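The chain contents come next:
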Number of protein chains: 2
Amino acid sequence: MSLKHGLLGLLNYGSMTGYELDKAFKASLSFFWQAKTSQIYRELAAMEGQGWLTSQRVIQSEKPNKRVYTITKDGKEELTTWLSSPEGDIKDAMGVRSAFLMRVFFAGETSTKQSLEMLYAYRQKCLESKTGLGGAYDAISEYGGIVGDERKAKYWQIAALYGDAFFEAGLNWADKAIDLLKEEMGE
Amino acid sequence: MSLKHGLLGLLNYGSMTGYELDKAFKASLSFFWQAKTSQIYRELAAMEGQGWLTSQRVIQSEKPNKRVYTITKDGKEELTTWLSSPEGDIKDAMGVRSAFLMRVFFAGETSTKQSLEMLYAYRQKCLESKTGLGGAYDAISEYGGIVGDERKAKYWQIAALYGDAFFEAGLNWADKAIDLLKEEMGE
DNA sequence: GTTTTATATTATACTTGTTGAATATTACTT
DNA sequence: AAGTAATATTCAACAAGTATAATATAAAAC
């Protein structure tokens with residue numbers, strides 16, 4: 001249900017259209033939760049059905065008409081309730097779901113050379129992703145400055161720091177794995 | 001499609017029933033891919049339909065009848081093809097999907113005390129998970145020894161090492177985050 | 001002036017994963 | 001003798017995510 005709660009969280013900052021939410025989601029939450037445009041619109045409709053949101057149609061002459069969503073009292077309550085029961089998500093956070101690791105598990109069926117190439121490619125992506133986080137930090141401090149809410153920005157920063165730790169761990173793991181495989185080739 | 005490929009990988013080691021696959025999956029692959037029993041049976045049926053597997057019914061008098069699945073030539077080809085095109089999964093591995101991080105992102109809506117509690121709970125789970133990996137290492141070296149396939153066991157070990165790196169990273173990140181929040185309280 | 005970009009939403013089919021229970025047999029435990 | 005665990009599979013309903021493309025308007029770029 002996390003997409004719904006992510007949308008609730010964003011709408012709690014202010015009313016938005018599906019289009020704006022899609023962009024806001026992709027600009028902020030997409031680092032740890034990905035969603036397609038069509039899914040966002042579908043969930044918004046479902047959330048309105050649940051009474052968490054209301055919407056008003058806004059007729060525009062210059063642009064296509066739009067629908068602005070606003071969080072309701074029920075929606076705010078739901079957000080608060082969700083935020084105060086993190087147990088399940090903490091447990092889930094201990095679980096990895098990675099097709100890449102499944103490949104590693106079965107990589108013994110391929111050549112050591114092929115496995116090494118895969119690990120080098122992974123290592124490289126970790127580096128790139130880590131570098132790419134710089135932009136996220138800039139965006140956060142900038143937005144935090146504009147909004148003037150340093151406290152909120154601190155949590156955004158902490159979430160972004162996770163990315164750094166995650167990619168750094170991937171990098172170190174890949175180096176260790178590469179060493180183990182090179183050992184094998186050297187023999 | 002990774003569940004299918006995980007099952008193919010296991011069946012490549014030898015023919016098995018759905019029941020045995022379910023246990024084998026949960027004993028080995030479940031660290032990085034979780035699947036329910038009912039899903040495994042459903043995928044097996046689909047894979048047979050795709051021609052990746054064949055099955056034979058085995059009538060037992062002592063126990064309920066069973067269906068033994070065997071990988072076909074097509075299935076082995078599919079496994080090989082999959083193993084030799086890791087690009088997509090490497091990219092996916094850069095993506096986090098974590099409801100927990102979404103909570104962190106929105107934690108500014110709750111009290112610092114509540115956020116700290118959440119982070120402490122997360123930290124504790126990381127510790128427990130890291131400790132729990134000891135069993136996985138034992139199982140791998142034991143199984144590797146029995147099967148006598150040191151090369152395969154090396155990849156299993158590498159996959160398990162990822163868990164270690166992942167939980168360690170989570171631990172360090174949590175410590176950093178806790179420090180940042182304590183700073184806030186101290187002021 | 002025609003293509004591209006941005007705005008804004010909707011539709012539909014499909015695949016994957018979750019939940020939970022029903023069914024049936026034998027062995028082991030108390 | 002009754003209850004629980006282990007073996008073994010199936011089913012049905014649902015929830016969530018993926019893939020893709022159709023539709024429509026206006027501004028901006030070339």
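In case you missed it, the structure is sitting above this.
Residues numbered from 1 in each chain as written. Chains lettered and ligands numbered in written order. Predicted model: local features only at pLDDT ≥ 70, side-chain atom pairs only at ≥ 80, totals over all residues. Heavy atoms only, no water.

Colleague: Looking at this structure, I do not really get the protein's contact with DNA strand C. What am I missing?
Modeller: The immediate surroundings of DNA strand C are formed by 28 residues, with Ser38 and Arg67 of chain A together with Gln39, Arg42 and Glu62 of chain B found nearest. Among atoms of DNA strand C positioned within 4 Å of the protein, sugar and phosphate together represent 61%. Separating a phosphate oxygen of DNA strand C from a side-chain N or O atom of tyrosine 41 of chain A is a distance of 3.0 Å. In this structure, arginine 42 of chain B approaches DNA strand C through a side-chain N or O atom, which is 2.7 Å from a base oxygen. Counting only elements with at least two residues in the surface near DNA strand C, the list comes to α2 (18–28), α3 (37–49) and β3 (66–71) of chain A together with α1 (2–13) and α3 (37–49) of chain B. No other element matches the 4 residues that α3 of chain A contributes to the surface near DNA strand C. (Near = heavy atom within 4 Å. Polar contact = N/O pair within 3.5 Å; in protein donor to acceptor, adjacent residues only side chain to side chain. Helix = DSSP H or I, 4+ residues; strand = E, 2+ residues; numbered from the N terminus.)

Colleague: Would you mind going over the sheet that holds strand β1 (residues 16–17) of chain A with me for this structure?
Modeller: Sheet strands line up and pair through hydrogen bonds in the backbone, either parallel or antiparallel. Residues and elements named next belong to chain A. Spatially, 3 strands are ordered β1-β3-β2 in an open sheet, and the strand pairing comes out antiparallel. Each of the sheet's edge strands pairs with one partner strand only, and the pair in question is β1 and β2 (53–58). The pairing of β1 with β3 spans 2 bridges and is classified as antiparallel. Bridge assignment links threonine 17 to a residue of β3, and that residue is valine 68. On top of the sheet, α3 reaches β2 and β3; it is set at about 120° to β2, its chief contact. (Pairing = 2+ DSSP bridges. Contact = heavy atoms within 4.5 Å. Axes fitted to C-alpha atoms, helices over the stretch in contact; angles between N-to-C directions.)

Colleague: Would you take a moment to explain the sheet that holds strand β3 (residues 66–71) of chain B for this structure?
Modeller: Residues and elements named next belong to chain B. Here 3 strands make up an open sheet; going across it, the order is β1-β3-β2 and the pairing antiparallel. The two strands at the open ends of the sheet, each matched to only one other strand, are β1 (16–17) and β2 (53–58). On top of the sheet, α3 reaches β2 and β3; it is set at about 120° to β2, its chief contact.

Colleague: Any chance you could explain the pattern of salt bridges here in plain terms?
Modeller: Side chains that carry opposite charge are capable of pairing whenever their charged atoms lie near each other. Residues and elements named next belong to chain A. Enumeration according to the criterion identifies 22 salt bridges over all chains in this entry. Put simply, lysine 4 and glutamate 43 hold a salt bridge, and the shortest N to O gap is 3.1 Å. Of the two residues, lysine 4 sits in helix α1 (residues 2–13) while glutamate 43 sits in helix α3, which places them 39 residues apart along the sequence. Relative accessible area serves as the criterion here: at 13%, lysine 4 is assigned to the buried category. For glutamate 43, a relative accessible area of 12% gives the class buried. (Salt bridge = Lys/Arg side-chain N within 4 Å of Asp/Glu carboxyl O. Buried < 20%, exposed > 50% of the residue type's maximum accessible area, 1.4 Å probe, protein only.)

Colleague: Mind showing me how you'd approach the packing of aromatic side chains here?
Modeller: Between two aromatic rings, the relevant description is the distance of the centres plus the angle of the planes. Taken as a whole and judged by the stated rule, the model has 27 aromatic pairs over all chains. Ring geometry for phenylalanine 166 of chain A versus phenylalanine 167 of chain A: centroids 5.5 Å apart, planes at 65°, classification edge-to-face. Both residues of the pair, phenylalanine 166 of chain A and phenylalanine 167 of chain A, count as buried. Consider the rings of phenylalanine 31 of chain B and phenylalanine 167 of chain B, whose centres lie 6.2 Å apart with planes at 70°: the pair is edge-to-face. Of this pair, phenylalanine 31 of chain B sits in the loop between α2 (18–28) and α3 while phenylalanine 167 of chain B sits in helix α8 (residues 150–186), and the two are 136 residues apart along the sequence. A relative accessible area of 3% places phenylalanine 167 of chain B in the buried class. Taking NZ or CZ as reference, arginine 97 of chain A lies 4.9 Å from the ring centre of tryptophan 33 of chain B, over its face. Over the aromatic face of tryptophan 82 of chain B sits the side chain of arginine 103 of chain A, whose NZ or CZ is 4.3 Å from the ring centroid. (Phe/Tyr/Trp six-rings, centres within 6.5 Å; stacked < 30°, edge-to-face > 60°. Lys NZ or Arg CZ within 6 Å of the ring centre and 35° of its normal.)

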